[in-house]
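Spelled out from the first residue to the last, the chains are:
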Amino acid sequence: MEDTIVLYPSPGMGHLVPMVELGKLILTHNPSFSIIILSTTVPFDTGSTTAPYISRVSTTTPSIHFHHLPTISPPSTSSSINNIAALAFEFTGLYNPNLHYALETLISQKSRPKASIIDFFCSPSFEVFTSLHIPTYYFCPSSASGLSCLLLLPTTHQTIIEKIKDPNTSIEFPGVPPIPTPDMPVPFFDTEGIAFKGLISAGISIPKSSGILTNTFCAFEPRAVKAISDGLCTPNSPAPPIYCIGPLIEDSGEVHEHDCLRWLDSQPRQSVVFLCFGSMGLFKAEQLMEIAIGLEKSGHRFLWVLRSPPADGETKSSAKPEPDLDVLLPNGFLDRTRGRGLVVMKWAPQVAVLSHDSVGGFVTHCGWNSILEAVRAGVPMVGWPLYAEQRLNRVLLVEEMKVALALEESEGGFVSADELEKRVRELMDSVSGKGVRERVREMKDCAEAALGEGGTSRVALAELAESWKKS
Ligand code: UDP
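Everything numeric in this text was worked out from a predicted model, so none of it was measured.

A. Local environment of the overall build of the protein chain. Across its full length, the protein chain holds 18 helices and 15 strands. Over its C-alpha trace the protein chain gives a radius of gyration of 22 Å, about what one expects of a compact globule, namely 23 Å for 471 residues. Each principal axis of the C-alpha atoms in the protein chain carries an extent, and together these give about 65 × 50 × 50 Å. Put simply, 73% of the contacts in the protein chain that link residues at least 6 apart link residues at least 24 apart. Surface summary for the protein chain: the accessible area is close to 18800 Å², and the carbon and sulfur share equals 54%. Placing the 38 positive and 51 negative side-chain charges of the protein chain at their respective mean positions leaves the two points 3 Å apart.

B. Seen up close, the nonpolar core. Within the largest apolar cluster, 99 residues are counted, with the highest numbers of intra-cluster contacts made by Phe 220 and Phe 274. Top contributing element to this core by residue count: helix α6 (residues 144-163), with nine residues. When neighbours within four sequence positions are excluded, Phe 220 is seen to be in contact with Trp 368, Ile 371, Leu 372, Val 375, Leu 397, Met 401 and Met 443. Judged by nonpolar contacts, the second largest core, of 30 residues, contains Ile 5, Phe 33, Ile 64 and Ala 115.

C. Examining the pattern of salt bridges more closely. On inspection of all chains with the given rule, the structure shows 26 salt bridges. The closest approach of N and O atoms between Lys 297 and Asp 418, which form a salt bridge, is 2.9 Å. In this pair, Lys 297 sits in helix α10 (residues 285-298) while Asp 418 sits in helix α16 (residues 417-429), placing the two residues 121 residues apart along the sequence. Overall, the relative accessible area of 40% leaves Lys 297 in the partly exposed class. Between Arg 423 and Glu 419 there is a salt bridge, with the nearest N and O atoms lying 2.8 Å from each other. Here Arg 423 and its partner Glu 419 are both found in helix α16, four residues apart, which amounts to about one turn of the helix. Each member of the pair, Arg 423 as well as Glu 419, carries the same accessibility label: buried. Look at the salt bridges and you will find they share partners, linking Asp 183, Arg 391, Arg 394 and Glu 409 into a network.

D. Fine view of the packing of aromatic side chains. Inspection of every chain in the model, using the stated rule, returns 13 aromatic pairs. On the numbers, 4.7 Å between centres and 85° between planes, the contact of Phe 277 with Phe 283 is edge-to-face. Judged on exposure class, the residue Phe 277 and its partner Phe 283 are both buried. Taking the centre distance of 5.5 Å and the plane angle of 80° together, the rings of Phe 277 and Trp 384 count as edge-to-face.

E. Inspection of the environment of Glu 419 at higher detail. Using a relative accessible area of 8% as the deciding quantity, one classes Glu 419 as buried. Measuring from C-alpha to C-alpha, the distance between Glu 419 and Pro 52 comes to 37 Å, with 367 residues separating the pair along the chain. Apart from the residues lying within four places of it in its own chain, the contact partners of Glu 419 are Ala 406, Leu 407 and Glu 408.

F. Here's a closer look at the sheet that holds strand β1 (residues 4-8). Judged by pairing direction, the sheet is parallel, and its seven strands sit side by side in the order β3-β2-β1-β4-β5-β8-β9 without closing on themselves. The two strands at the open ends of the sheet, each matched to only one other strand, are β3 (64-68) and β9 (242-244). Put simply, the sheet's adjacent strands are angled 25° from each other on average, direction ignored. Of the strand pairs in this sheet, strand β2 (residues 34-39) and β3 are connected by five bridges, and their pairing is parallel. Among the inter-strand pairings, Ile 35 is bridged to a residue of β3, identified as Ile 64.

Criteria and thresholds
- Residues numbered from 1 in each chain as written.
- Predicted model: local features only at pLDDT ≥ 70, side-chain atom pairs only at ≥ 80, totals over all residues.
- Heavy atoms only, no water.
- Helix = DSSP H or I, 4+ residues; strand = E, 2+ residues; numbered from the N terminus.
- Rg over C-alpha atoms; globule rule 2.2 N^0.38 Å.
- Contact = heavy atoms within 4.5 Å.
- Areas by Shrake-Rupley, 256 points an atom, 1.4 Å probe, with all protein chains shown as cover.
- Lys, Arg positive; Asp, Glu negative; His and termini not counted.
- Charge placed at Lys NZ, Arg CZ, Asp CG, Glu CD.
- Core = buried A, V, L, I, M, F, W, Y, C linked by side-chain atoms within 4.5 Å.
- Buried < 20%, exposed > 50% of the residue type's maximum accessible area, 1.4 Å probe, protein only.
- Salt bridge = Lys/Arg side-chain N within 4 Å of Asp/Glu carboxyl O.
- Phe/Tyr/Trp six-rings, centres within 6.5 Å; stacked < 30°, edge-to-face > 60°.
- Pairing = 2+ DSSP bridges.
- Axes fitted to C-alpha atoms, helices over the stretch in contact; angles between N-to-C directions.

Next comes the structure, spelled out in structure tokens:
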């Protein structure tokens, strides 16, 4: 009978893609395994990007099977659409009966899965898996440094609740540079909220799991990985085994055609600054105007993924109408920048873009996948965080890994045209930009080595796959 590994990602591209890549990697270590990905639908994921992606994977990798759990209706007390972390935890809990049924059916019709790997946002389902005696691992699609904070949370949350009130202090976690309180992940600012409580519960459950798989590589975050392995983040329980298996990145070879790739073909080597803000990043109209002015004044070539501004009160969504550039951009901007700049509507094939030889810089919202994709391609970054744990990621990129420059925001996160112009010039023209570029190239080589024959990430996953085969 076929051995099965069950993967349970949290919805949204940023969580689904690395989980799928993990499934593909497991198959390279053990092609006889069957991978089942349990997928769910939540309101913040309209399916407009995940559905075509899932269908592509189903065609190209038939050993990966998607099982869609029956959709549930939103809870009446549903968290705000803008509180993604709360929604993710809340919905996962509500999916538990459907999940339990699906797993029981799987066990009775096939066999008990050799292992399950669940996203940390799926922590409310941990006991559903363990109650069915399925060895359960956590998957952390973000940094090991973020994981250090998460694991320490159950023992330190009282101190954090006090400290977070003071914007002029910083918080220390093992193996992580001091994080200024304003840079802590969004859920930390509502310590009574579902998301913060969900993180504490996850921090309690993770050490009880069979181990943690993280989408990072040892050379990228050596201090945080060591702190976790040494048990510094889990003073009250044994250190959970940690397997750094990244960077897990979508195979860009699957994307061959896009106008922006053809446009990049006509640009000089490493001359283009790419601006892209994740699957959910949105800017108000006045901020879009400011970006356009800053880019034009910088004199640099650019490729900018632009979405319509949010409706009042909304901060993120992936289902916006096509942006009206005549209204959103300065008069004559497109004519004046023709040839040296390209604006792409809503979505670009980011992995393929970053790997293109013409791209020389990346203005990013600091989502973890975007960071890994830039590092894997050796592209230096300017960090402009927008939501989730992205401010913390920027601190890591700038202070610890030194692969990015920081944009300075004014009150409310607004970035002026002058500031954007300055940072783009600094990245592309200055000595500090050169330093960041050299450092990211070093990390690119380290990432390649980690994934290659005998590399740390390859060996870590091989070890796990071998243990599942024997179990
Ligand atoms: N992405 C893309 N094109 C876009 C925007 C995003 O391909 O126009 C991909 C990007 O390559 C990355 C993912 O969407 O793999 C976004 O994940 P990340 O963790 O960076 O940010 P999130 O969307 O979770 O905030």
